[in-house]
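A look at the structure
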Amino acid sequence: MRSRAERLRAIQEIVSKEEISTQKELVEKLRQRGFEVTQATVSRDIARLHLVRVALGKGRHKYALAPIELQEDVYEELKRRFKEFVRDVDRGGNILVVKTLEGHASGIAFLLDRLRRDDLVGTLAGDDTILVVARDEKAAEALEEELGGLLV
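Position numbers for residues count from 1 along each chain, tracking the sequence in the order it is written. Predicted model: local features are reported for residues with pLDDT of at least 70 only, side-chain atom pairs are reported and counted for 80 or more only, and whole-chain, interface and lining totals are derived from all residues. Each side-chain value is worked out from all heavy atoms of the structure, with water and hydrogens disregarded.

What follows concerns the overall build of the chain. Scanning the chain from terminus to terminus reveals 6 helices and 6 strands. Helix and strand assignments come from DSSP, with helices taken as H or I runs of at least 4 residues and strands as E runs of at least 2, each series counted from the N terminus. Order of helices (α) and strands (β) in the chain, N terminus to C terminus: α-α-α-β-β-α-β-β-α-β-β-α. Projected onto the principal axes, the alpha-carbon positions of the chain cover approximately 50 × 35 × 25 Å. The buried share among the 152 residues of the chain stands at 36%. Positive charges come from Lys and Arg, negative ones from Asp and Glu, while His and the chain ends are left out of the count. In this description, the location of a charge corresponds to atom NZ of lysine, CZ of arginine, CG of aspartate or CD of glutamate. For the chain, the distance from the average site of its 27 positive side-chain charges to the average site of its 28 negative ones is 8 Å. Relative accessibility under 20% of the residue-type maximum defines a buried residue, over 50% an exposed one, and the middle range a partly exposed one, all with a 1.4 Å probe and only protein chains included.

It is worth spelling out the environment of Val133 at this point. Take Val133: it is sitting in strand β6 (residues 129–134). Separated by 34 residues in the primary sequence, Val133 and Lys99 have C-alpha atoms spaced 14 Å apart. Residues in contact with Val133, not counting those within four places in the same chain, are Asn94, Leu120, Val121 and Gly122. Whether two residues are in contact is decided by their heavy atoms: any pair within 4.5 Å suffices.

Let's shift gears to unusual backbone geometry. A positive phi angle, near 50 degrees, is found at Arg116, a position not held by glycine. As for its placement among the helices and strands, Arg116 is situated in the loop between α5 (105–114) and β5 (120–125). Given a relative accessible area of 59%, Arg116 falls into the exposed group.

On to the layout of surface pockets, then. A 1.4 Å probe that fits but cannot get out identifies a cavity on a 1 Å grid over protein atoms alone, an open set with protein on both sides within 12 Å along at least five of seven lines counts as a pocket, and a residue lines either if it has an atom within 4 Å of a point. Grid points are joined across faces, edges and corners, and a volume is the space filled by probe spheres set on the points. Here the largest pocket defines a volume of roughly 430 Å³. Gln12, Leu65, Arg81, Gly107 and Phe110 are, among the 21 residues lining the largest pocket, the residues nearest its centre. For the lining of the largest pocket, the element with the highest residue contribution is α5, accounting for 6 residues. Counted by class, the lining of the largest pocket contains 8 nonpolar, 7 polar and 6 charged residues. Ten residues, namely Ala, Val, Leu, Ile, Met, Phe, Trp, Tyr, Cys and Pro, are considered nonpolar, four, namely Asp, Glu, Lys and Arg, are considered charged, and the remaining ones, Gly among them, are considered polar.

All right, on to the UniProt feature "domain: Arginine repressor DNA-binding" (unreviewed entry) in the chain then. When the UniProt feature table is mapped onto this chain, "domain: Arginine repressor DNA-binding" (unreviewed entry) is found at residues 4–66. Between the end C-alpha atoms of residues 4–66 there is a gap of 20 Å, over a span that is 54% helix and 21% strand. UniProt positions are given in the numbering used here, feature names are shortened, and annotations may be inferred rather than shown by experiment.

Moving on to the packing of helix α1 (residues 4–17) against helix α3 (residues 39–48). The relative placement of two packed helices is expressed as an angle between their axes plus a distance between the axes. Packing of α1 against α3 brings their axes to within 11 Å, and their N-to-C directions diverge by 75 degrees. Taken together, the axes of α1 and α3 are roughly perpendicular relative to one another. On α3, the residues that touch Arg4, Arg7, Leu8 and Ile11 of α1 are Thr41, Asp45 and Arg48. Think of each axis as a best-fit line through the C-alpha atoms, taken over the contacting stretch in the case of a helix, with angles from 0 to 180 degrees between the N-to-C directions. Any angle from 65 to 115 degrees is called roughly perpendicular, while one under 35 is roughly parallel, one over 145 is roughly antiparallel, and all others are oblique.

Note that the domain bounds were set by an automatic or database domain assignment. For the chain, the domain assignment lists domain 1 (4–65) and domain 2 (68–150). Here the C-alpha centroids of domain 1 and domain 2 sit 26 Å apart. Accessible surface is computed with a 1.4 Å probe, and the buried area is the amount of it that two parts give up when combined, taken over both parts together. Both sides of the domain 1 and domain 2 interface together cover about 620 Å² of buried area, and 46% of this is carbon and sulfur. Only one rule defines a salt bridge in this text: a Lys or Arg side-chain nitrogen within 4 Å of an Asp or Glu carboxyl oxygen. Counting the contacts that link domain 1 with domain 2 gives 1 salt bridge.

In structure tokens:
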């Protein structure tokens, strides 16, 4: 049986690449990819991922990933994704290593970059690992504590 994290990642990929107008269409696309899901499960996943319906014109709509603009929204989304997809935060000097479930590093790194904080120089993401470069060791210690706190 495939995991919820895999299913959520598949939903994000599907809605970012295809015009999906209904939950029924999304259920069918997921089934084509080998996920045994019900419409109720997809409905909960849509809420969990904060998908929005975007107008295409002429009465047509599609699901899309919600844009995140406000800093408070970025931080709330980061907290939510940390709880669901991050497994560990470690530090060496002024560099943090954030371990995620496979396929989630780039999305979380994107949110970290969107925080636009002076103590965070930048990130580099692989498939399941993010390098977070802090301004200095003191900033890295504080970031490690803060990000580690998001795991619980």
